[in-house]
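Structural overview for review
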Amino acid sequence: MRVTFCTDLDKSVVVTNCERRGWIQVGPDDEWNIYWAGTQTCRSLFSVDSGYRMNDNQIINHFPNHYELSRKDLLVKNIKRYRRELEKEGSLLAERGDASKYLHLDFIPITFVLPADYNMFVEEYRKTPQSTWIMKPCGRSQGSGIFLINKLSKLKKWSREAKTPFQQHLTKESYVISKYIDNPLLIGGKKFDLRLYVLVTSFRPLKAYQFRLGFCRFCTVKYDSSVAELDNMYVHLTNVSVQKHGGEYNSLHGGKLSVQNLRLHLESTRGKEVTETLFDQISWLIIHSLKAVAPVIATDRHCFECYGYDIIIDNKLKPWLIEVNASPSLTSTTANDRILKHKLLNNIFSLVTPPSGMPDVRWNKIPTEDALGDFELLIDEDLINLQDGDSHYLVKNSYKWK
């Protein structure tokens, strides 16, 4: 059985994993079974103009509109809509004397989209003047174009100086502005965030898995919330693409700490029970962010998606979703990084292909226990009510998400 793969990313981690499985690399115009593509390639492939139609033995690593979760403004819009729907449901339950399912979805900071929400932002800002807010361009990544403000006048000054000020009727680039998490949990006095990997094999029904081997990304300079350090991105932004240019960057460990070591640190400093609660809340956060976009994602049996979740923990051990990446970096900055990303890709390929090894969209996408590797089930709506057969192990963790 000849399985072929195609990729337009110059990443050895993809090619090496595929070749180890005996898969044959082909070009995009050849007959391929698995395509690990960039988001731009996917957009072209799924466009109406392309006329391309995949067969039953082809799968690709993006959903047609994956950006509903990964584009910052759409993420905010979808979570706000989902929150309104659940609050409405919660109100109805409360009227019947059952508010147990009422969910407070405050896992993203207060956020507005500019220019559309400018007046609402100003109204919120005036409730807590001098508070710090972080501005991010909606369509960029790797820390590009991000800055912090603590005065309304700074925002107005930026708008005047920008090439496309957001007061104009037509704006080429929109921004999100979020209340800055100014009380982050610190280790060694430094701010960090979590990069976690989540594989989605279907949105309707929702089937998602979390990779156990995530990591923390640290700033190279100790955290300082003073106005004097507001423009110092080495204090505030954890992106490796930013930090690697700092004088304090250590290329040996890359400013990274494994999630396992973070867990051990928290268990020893805060206790095992609160640490378990934190990680349960992180899983809860991920599941509900996926549920928020599931109704609007163009689900396709040929598609799967590996999202990179960026999460900040505050000093009260509350997790906050900062953003989600549709094409998380596969570049290795350290030896441990290389091992992690090779395992990630290897486990993904095991989960998205049936036991036969040949992609088949008619497969029920219920993997064997061995195929999970370092992934663990977050939710499988097909299995929540299934309690027998070989799939029982997958159902145990599903009950709490019913």
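Residues numbered from 1 in each chain as written. Predicted model: local features only at pLDDT ≥ 70, side-chain atom pairs only at ≥ 80, totals over all residues. Heavy atoms only, no water.

With that settled, the discussion passes to unusual backbone geometry. With omega at 15°, the peptide bond leading from L114 into P115 counts as cis. With respect to the element layout, P115 can be found in the loop between β5 (111–114) and α5 (118–125). The residue L317 is not glycine, and still its phi comes out positive at about 60°. With respect to the helices and strands, L317 occurs in the loop between β14 (305–313) and β15 (319–325). Located in the positive-phi region is K365, a residue other than glycine, with phi close to 60°. If you trace the backbone, K365 turns up in the loop between α11 (335–352) and β16 (375–380). (Helix = DSSP H or I, 4+ residues; strand = E, 2+ residues; numbered from the N terminus.)

Grouped together as the largest cluster of nonpolar side chains are 55 residues, with contacts concentrated most on F203, L290, Y309 and L321. Per-element accounting of this core gives the leading share, nine residues, to helix α10 (residues 272–293). In this view, F203 contacts F63, L290, V293, A294, I297, T299 and Y307; residues no more than four positions away in its chain are not counted. With 31 residues, the next largest nonpolar core counts W23, F211, F304 and I348 among its residues. (Core = buried A, V, L, I, M, F, W, Y, C linked by side-chain atoms within 4.5 Å. Buried < 20%, exposed > 50% of the residue type's maximum accessible area, 1.4 Å probe, protein only. Contact = heavy atoms within 4.5 Å.)

Here K365 sits buried without a salt bridge, and the closest side chain of opposite charge, D300, lies 7.3 Å off (N-O distance). Only 3.2 Å separates the side chain of K365 from the backbone oxygen of R301, close enough to count as a polar contact. Among all residues touching K365, those that are not within four sequence positions of it are T201, K207, Y209, R301, C303 and D380. (Lys, Arg positive; Asp, Glu negative; His and termini not counted. Salt bridge = Lys/Arg side-chain N within 4 Å of Asp/Glu carboxyl O. Polar contact = N/O pair within 3.5 Å; in protein donor to acceptor, adjacent residues only side chain to side chain.)

Let us look at the pattern of salt bridges. If you walk through the whole model with that rule in mind, you get 17 salt bridges. Measuring nitrogen to oxygen at the nearest pair gives 3.2 Å for the salt bridge that ties D382 to K207. Here D382 is found in the loop between β16 and α12 (392–395), whereas its partner K207 is found in strand β11 (residues 206–211), with 175 residues between them in sequence. A relative accessible area of 2% places K207 in the buried class. Salt bridges linked by common partners bring D193, R195, R217 and D310 together as one network.

The next subject is empty space enclosed by the protein. Under the criterion given, the structure shown has three cavities of 30 Å³ or more. Size it by volume and the largest cavity reaches roughly 360 Å³. Breaking the lining of the largest cavity down by element, the ones donating at least two residues are α4 (72–95), β6 (133–137), β8 (175–179), β10 (190–203), β14 and β15. The residue makeup of the lining of the largest cavity, split by class, is 13 nonpolar, five polar and eight charged. A volume near 90 Å³ is recorded for the second largest cavity. Taken together, I59, T201, R301, C303, F304, L351, V352, P359, D360, V361, W363 and K365 make up the full set of residues lining the second largest cavity. Taken together, the residues of the lining of the second largest cavity sort by class into eight nonpolar, one polar and three charged. (1 Å grid on protein atoms, 1.4 Å probe; cavity = no way out; pocket = protein on both sides within 12 Å on 5 of 7 lines; lining within 4 Å. Points joined across faces, edges and corners; volume = space filled by probe spheres on them. Nonpolar A, V, L, I, M, F, W, Y, C, P; charged D, E, K, R; others polar.)

One full turn of an α-helix is made of 3.6 residues, so residues set three or four places apart face in the same direction. Every buried residue of helix α6 (residues 152–161) is listed here: L152, L155, W158 and S159. The buried residues of α6 all sit within an arc of 125° when viewed along its axis, so they share a single face. Among the exposed residues of α6, those oriented more than 90 degrees off its buried face are R160 and E161. At its buried positions, α6 is contacted by β5, α5, β6, β7 (147–149) and β8. (Arc of directions from axis to C-beta.)

This next bit is on the packing of aromatic side chains. One pass over the full model with this rule turns up 15 aromatic pairs. With 6.3 Å between their ring centres and 40° between their planes, F112 and W133 make a pair best called tilted. Placement of the pair is F112 in strand β5 and W133 in strand β6, with a sequence separation of 21 residues. One exposure class covers both F112 and W133, and it is buried. Site record: aromatic cluster; members linked through ring pairs are W23, W36, F304 and F349. The ring of F279 carries R263 above its face, with NZ or CZ at 4.1 Å from the centroid. Directly above the ring of W320 sits K318, whose terminal nitrogen or CZ lies 4.7 Å from the centroid. (Phe/Tyr/Trp six-rings, centres within 6.5 Å; stacked < 30°, edge-to-face > 60°. Lys NZ or Arg CZ within 6 Å of the ring centre and 35° of its normal.)

Here we come to the sheet that holds β8. Strands sit in the order β5-β8-β6-β7 across an open sheet of four strands; the sheet is antiparallel. Both edges of this open sheet fall to β5 and β7, since each of them pairs with a single strand only. Taking each pair of neighbouring strands and ignoring which way they run, the sheet shows an average axis angle of 25°. Note: β6 against β7, three bridges, orientation antiparallel. Of the residues in β7, the one forming a bridge with M135 is F147. On top of the sheet, α6 reaches β5, β6, β7 and β8; it is set at about 135° to β7, its chief contact. (Pairing = 2+ DSSP bridges. Axes fitted to C-alpha atoms, helices over the stretch in contact; angles between N-to-C directions.)

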